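Below are the chains, spelled out letter by letter.
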Amino acid sequence: AQSVTQLGSHVSVSEGALVLLRCNYSSSVPPYLFWYVQYPNQGLQLLLKYTTGATLVKGINGFEAEFKKSETSFHLTKPSAHMSDAAEYFCAVMAGNNRKLIWGLGTSLAVNP
Amino acid sequence: NAGVTQTPKFQVLKTGQSMTLQCAQDMNHNSMYWYRQDPGMGLRLIYYSASEGTTDKGEVPNGYNVSRLNKREFSLRLESAAPSQTSVYFCASSLTGTVYNEQFFGPGTRLTVL
């Protein structure tokens, strides 16, 4: 069975600081991995995804994530936080043929001036 | 191209009342999903429809029914609302048959059951 763990339900950074949001997954088959972002009072939108190929994936708004199979991780990073990055971030995994996403519980990112 | 639309945006019900949440997508996607989002619990799948004419239960189907009216529309019905169903409901769609299952989300319906 697949599962996703996001370490830290709340993360706070200063504007301009590095953003690191952690995601670990469990899957018995090669996974597809996703990061979604949810801005206040909005639906979720895809930030980036890993399917196959290059393990460093770049997404929108300067975010990137690296798939590390040995560590079963897919951490999300951004070199310099902006106030507009304040949002809820969700990691998700899809594995197998059932086409359903397994979701982490989310990490709320606060950016302080 | 509106993507995924949901109506209504907000709703307040009394315990025992019924209502239907509407969802439509114009991306010609074959799969559609209903989630609920509660604080500290992330997203939980209520029902999904892999294709027109099929529906399947997700993690938390009790108290809900769904109808895949056609390829575009997927509605969620609460027959007898309970306070435990106070939540934010999201509809999503995806194009299965591709390598991955990127889901596109609607803006959500905020439901309060008193």
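The structure we're discussing is the one just above.
Residues numbered from 1 in each chain as written. Chains lettered and ligands numbered in written order. Predicted model: local features only at pLDDT ≥ 70, side-chain atom pairs only at ≥ 80, totals over all residues. Heavy atoms only, no water.

All names here are of chain A. The strand order across the open sheet formed by five strands is β1-β3-β8-β7-β6, and the pairing between neighbours is antiparallel. Strands with a single pairing partner mark the edges of an open sheet, and in this sheet they are β1 (3-7) and β6 (56-58). Each strand axis lies, on average, 20° off the axis of its neighbour in the sheet, ignoring direction. Where strand β7 (residues 64-68) lies against strand β8 (residues 73-78), five bridges are found, and the strand directions are antiparallel. Across the sheet, the residue bridging to Glu66 is His75, located in β8. (Pairing = 2+ DSSP bridges. Helix = DSSP H or I, 4+ residues; strand = E, 2+ residues; numbered from the N terminus. Axes fitted to C-alpha atoms, helices over the stretch in contact; angles between N-to-C directions.)

Further remarks concern the pattern of salt bridges. Under the defined criterion, the tally for this structure stands at six salt bridges over all chains. Among the ionic pairs, B:Glu102 bridges to A:Lys49, the shortest N-O distance being 4.0 Å. One end of the pair, B:Glu102, is in the loop between β9 (87-94) and β10 (104-105); the other, A:Lys49, is in strand β5 (residues 44-50), on a second chain. Using a relative accessible area of 28% as the deciding quantity, one classes A:Lys49 as partly exposed. Across the pair B:Arg77 and B:Glu79 runs a salt bridge whose closest N-O atoms are separated by 3.1 Å. By relative accessible area, which is 42% here, B:Glu79 ends up partly exposed. (Salt bridge = Lys/Arg side-chain N within 4 Å of Asp/Glu carboxyl O. Buried < 20%, exposed > 50% of the residue type's maximum accessible area, 1.4 Å probe, protein only.)

To continue, consider the packing of aromatic side chains. This structure, assessed with the given rule, holds 14 aromatic pairs over all chains. Taking 5.9 Å as the distance between ring centres and 85° as the angle between the ring planes, the aromatic pair formed by A:Trp103 and B:Tyr35 counts as edge-to-face. In this pair, A:Trp103 is assigned in strand β10 (residues 102-103) and B:Tyr35 in strand β4 (residues 31-38), connecting two distinct chains. Geometrically, the ring pair formed by B:Tyr33 and B:Tyr48 is stacked, given 6.3 Å between the ring centres and 20° between the ring planes. Placement of B:Tyr33 in strand β4 and of B:Tyr48 in strand β5 (residues 42-49) is noted, with a sequence separation of 15 residues between them. Aromatic ring contacts, followed pair by pair, group A:Phe34, A:Tyr36, A:Phe90, A:Trp103, B:Tyr33, B:Tyr35, B:Tyr48, B:Phe90 and B:Phe105 into a single cluster. (Phe/Tyr/Trp six-rings, centres within 6.5 Å; stacked < 30°, edge-to-face > 60°.)

Turning our attention to the sheet that holds strand β8 (residues 74-78) of chain B. Residue and element names in this part refer to chain B. With respect to topology, four strands assemble into an open sheet ordered β1-β3-β8-β7, the strand pairing being antiparallel. The sheet is open, and its two edges are formed by β1 (4-7) and β7 (64-68), each paired on a single side. Ignoring which end each strand starts from, the neighbouring axes of this sheet average 20° apart. Here β1 runs beside strand β3 (residues 19-25); their pairing, made up of four bridges, is antiparallel. Paired with Thr5 across the strands is Ala24, a residue of β3.

Turning next to the state of the cysteines. The final tally for this structure, using the stated rule, is two disulfides over all chains. Two residues share a disulfide in this structure: A:Cys23 and A:Cys91, whose sulfurs sit 1.9 Å from each other. Its torsion about the S-S bond being -65°, the disulfide of A:Cys23 and A:Cys91 is classed as left-handed. You can see A:Cys23 sitting in strand β3 (residues 19-26) and its partner A:Cys91 sitting in strand β9 (residues 87-94), a full 68 residues away along the chain. Assigned by exposure class, A:Cys23 and A:Cys91 land together as buried. The side chain of B:Cys23 participates in a disulfide bridge whose partner is B:Cys91; the two sulfur atoms lie 1.8 Å from each other. Handedness here is read from the sign of the S-S torsion; for B:Cys23 and B:Cys91, about -70°, the answer is left-handed. Of this pair, B:Cys23 sits in strand β3 while B:Cys91 sits in strand β9; the two residues are 68 residues apart in sequence, bridging distant segments of the chain. Each member of the pair, B:Cys23 as well as B:Cys91, is classed as buried. (Disulfide = S-S within 2.5 Å.)

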